[in-house]
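Given next are the chains, with one letter for each unit.
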Amino acid sequence: MVETAALKDLLAKPKQIVVTTHHKPDGDAMGSALGLYNYLIQKGHHVTVITPTDYPQFFDWMPGNGEVIIYTENTEAANILINKAEIIICTDFNALGRINEMGEVVRQTSAFKIMIDHHLEPEDFDDWRWWNINACASAQLVYEFIADVMQEPQYINKDVASCLYTGIMTDSGSFRFPSTTSSVHRITAALIDAGADNARIHQLVYDNSSESRLRFLGFCLSEKLTILPEYHTAYIAVTHEELERYEIITGDTEGVVNFALSITGIKLAAFIVERTDKIKLSLRSRGEFPANEICKRFFSGGGHRNAAGGSSTDTLAETVEKFKSILPEYKKLLIQ
Ligand code: 5GP
Ligand code: MN
């Protein structure tokens, strides 16, 4: 690991920089990546944000969005940029598998690699990191990186602030998860002071659904929600046909799992969805229950204790059965 002074030296002169984040980026991924982009361009760096895949259209308003390159849609141009980058910043992920086939391209470059992340168990591919699992969002760490590490809070303008606000808002469940400490609120206040329009951002992200998305949510809650009272668990499993019936696009399934967790007494909630290539699971839990352990042990995934994800190459029905078969082992934790 390189000393922070050397990092500052490196960033003192304009560089070719690629910023990347995990596949199917969420608000924290896009907020952290574009927050860094809007900071670094002010310092004269040549910066490109490359996302491994597409992302929800309700993040399209974010400053710098027009310059983002989506790896799967523009692979050749992205590979050229990655290979000529002097610095690659990886944010909101810490294992190269999280950026799909882009991971190997990034791994083999000689670029200086920076990790800014809040997930458990980081891989060892970086040269410098700002990593803290207690941070409510990677965007909080990007704020600290700019304000405290680089000591350049004056560069947190309206564009940077709007992106970082989005990251903190989305990853903290709109400031309600236990990770939303008083210092998170202080950072958030600084972002609002720097120009982030909190009410507008909330509306752009959360009150921006298509009719079919809302009807899909209704369908999930009335037709697909299954409660397993003896395990304090609720799950929703949807087929590919159901996704097509409701014309579901990237981002439309975001947040559905939280409704299952909002039922009184429910400790573990799962949203299990049949994507084209695999089954994707989103788990949410309350308190000490380790949703990430289940994802890691059984579904080739991971995440945080209370919010984790994974996938399966079995059928949807088999995946649901597997999920249910795991619960007896965790019964004690689930019912305490
Ligand atoms: P979501 O359920 O919203 O897709 O993801 C919840 C959390 O789990 C996020 O913090 C995300 O980074 C993490 N996560 C989701 N899917 C995976 C996965 O396949 N592998 C790992 N390591 N983490 C995941
Ligand atoms: Mn995050």
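For clarity, every value in this text was computed on a predicted model and none was experimentally measured. (Residues numbered from 1 in each chain as written. Chains lettered and ligands numbered in written order. Predicted model: local features only at pLDDT ≥ 70, side-chain atom pairs only at ≥ 80, totals over all residues. Heavy atoms only, no water.)

J.: Kindly report on the sheet that holds strand S7 (residues 225-228), identifying the contributing residues and their values.
T.: As summarised here, the arrangement of the six strands in space is S7-S8-S9-S10-S12-S11, forming an open sheet in which the pairing is mixed. The outermost strands of the open sheet, each flanked by one partner alone, are S7 and strand S11 (302-303). For strand S9 (residues 268-274) and strand S10 (residues 279-285), the ladder comprises seven bridges, and the chain directions are antiparallel. Among the inter-strand pairings, Ala270 is bridged to a residue of S10, identified as Leu283. The sheet contacts of helix H9 (residues 211-224) involve S7, strand S8 (233-238) and S9, and relative to S8 the element is tilted by about 125°. Sheet strands in contact with helix H12 (residues 291-298) are S9, S10, S11 and strand S12 (307-312), and its direction is about 20° off that of S12. (Pairing = 2+ DSSP bridges. Helix = DSSP H or I, 4+ residues; strand = E, 2+ residues; numbered from the N terminus. Contact = heavy atoms within 4.5 Å. Axes fitted to C-alpha atoms, helices over the stretch in contact; angles between N-to-C directions.)

J.: Mind laying out the coordination of the manganese ion (ligand 2), listing which residues take part and the relevant values?
T.: For the manganese ion (ligand 2), the full set of protein donor atoms is Asp28 (OD), Asp92 (OD), His118 (NE2) and Asp171 (OD), at a range of 2.2 to 2.4 Å. Mapping the donors of the manganese ion (ligand 2) onto the primary sequence gives the spacing D-x63-D-x25-H-x52-D. Here Asp171 lies in helix H6 (residues 158-171) and His118 lies in the loop between strand S5 (112-117) and strand S6 (128-131), a separation of 53 residues in the sequence. (Donors = N, O, S within 2.8 Å, 3.2 Å for Na, K, Ca; no water.)

J.: I'd like a rundown of the packing of H6 against helix H7 (residues 182-193), residues and numbers included.
T.: Running from N to C, H6 and H7 cross one another at 150°; their axes reach a closest spacing of 9 Å. Taken together, the axes of H6 and H7 lie roughly antiparallel to each other. Crossing of H6 against H7: the hand is left-handed. In this structure, H6 uses Ala161, Leu164, Tyr165 and Ile168 to contact H7, whose residues at the interface are Val184, Ile187, Thr188, Leu191 and Ile192. Its residues placed into classes, the contact of H6 with H7 shows eight nonpolar, one polar and no charged. (Parallel < 35°, antiparallel > 145°, perpendicular 65-115°, else oblique. Left-handed = near helix turned anticlockwise from the far one by under 90°. Nonpolar A, V, L, I, M, F, W, Y, C, P; charged D, E, K, R; others polar.)

J.: For the state of the cysteines, give the residues involved together with the corresponding values.
T.: Summed over all chains, the structure comprises zero disulfides. Of all cysteine sulfurs in the structure, the one in Cys136 sits closest to Cys163, which takes part in no disulfide; the separation is 16 Å. Judged by relative accessible area, Cys163 falls into the buried class, the value being 0%. The thiol sulfur of Cys220 is not disulfide-bonded, and the nearest other cysteine sulfur, from Cys295, lies at 18 Å. (Disulfide = S-S within 2.5 Å. Buried < 20%, exposed > 50% of the residue type's maximum accessible area, 1.4 Å probe, protein only.)

J.: Which residues make up the sheet that holds strand S3 (residues 69-70), and what are the values?
T.: Taking strand neighbours across the sheet as the criterion, the six strands line up as S3-S2-S1-S4-S5-S6 in an open arrangement whose pairing is parallel. Among the strands making up the open sheet, the edge pair consists of S3 and S6.

J.: Go over the environment of Leu228 with me, naming the residues and quoting the values.
T.: Tracing the sequence through the fold places Leu228 in strand S7. Once the C-alpha coordinates of Leu228 and Ile266 are considered, the two residues, 38 residues apart in sequence, prove to be 9.1 Å apart. What Leu228 contacts, discounting residues up to four positions off in sequence, is Thr233, Tyr235, Lys324 and Leu327.

J.: Describe the packing of aromatic side chains, with residues and values.
T.: Going through the model one piece at a time under the given rule, you end up with ten aromatic pairs. Through a chain of ring-to-ring contacts, three or more aromatic side chains come together here, namely Trp128, Trp130 and Phe145. (Phe/Tyr/Trp six-rings, centres within 6.5 Å; stacked < 30°, edge-to-face > 60°.)

J.: An account of the environment of Leu36 is requested, with residue identities and associated values reported.
T.: Structurally, the position occupied by Leu36 is in helix H2 (residues 27-42). Looking at Leu36, the relative accessible area reads 0%, which means it is buried. Considered as a pair, Leu36 and Glu241 are 205 residues apart in the sequence and their alpha carbons are 39 Å apart. In contact with Leu36, not counting residues within four places along its chain, are Val19, Ile89, Thr91, Ile116, Val142 and Phe145.

J.: A description of the pattern of salt bridges should follow, citing residues and the corresponding values.
T.: Tallied over the full model, the rule gives twelve salt bridges. Note that Arg305 is salt-bridged to Glu288, the shortest N-O span being 3.5 Å. In this pair, Arg305 is assigned in the loop between S11 and S12 and Glu288 in the loop between S10 and H12, connecting sequence segments 17 residues apart. The class of Arg305 is partly exposed, set by a relative accessible area of 38%. The class for Glu288 is exposed, based on a relative accessible area of 56%. Between Arg297 and Glu293 there is a salt bridge, with its nearest N and O atoms 3.9 Å apart. Pair noted here: Arg297 and Glu293 are both in helix H12, with a separation of four residues, about one helical turn. (Salt bridge = Lys/Arg side-chain N within 4 Å of Asp/Glu carboxyl O.)

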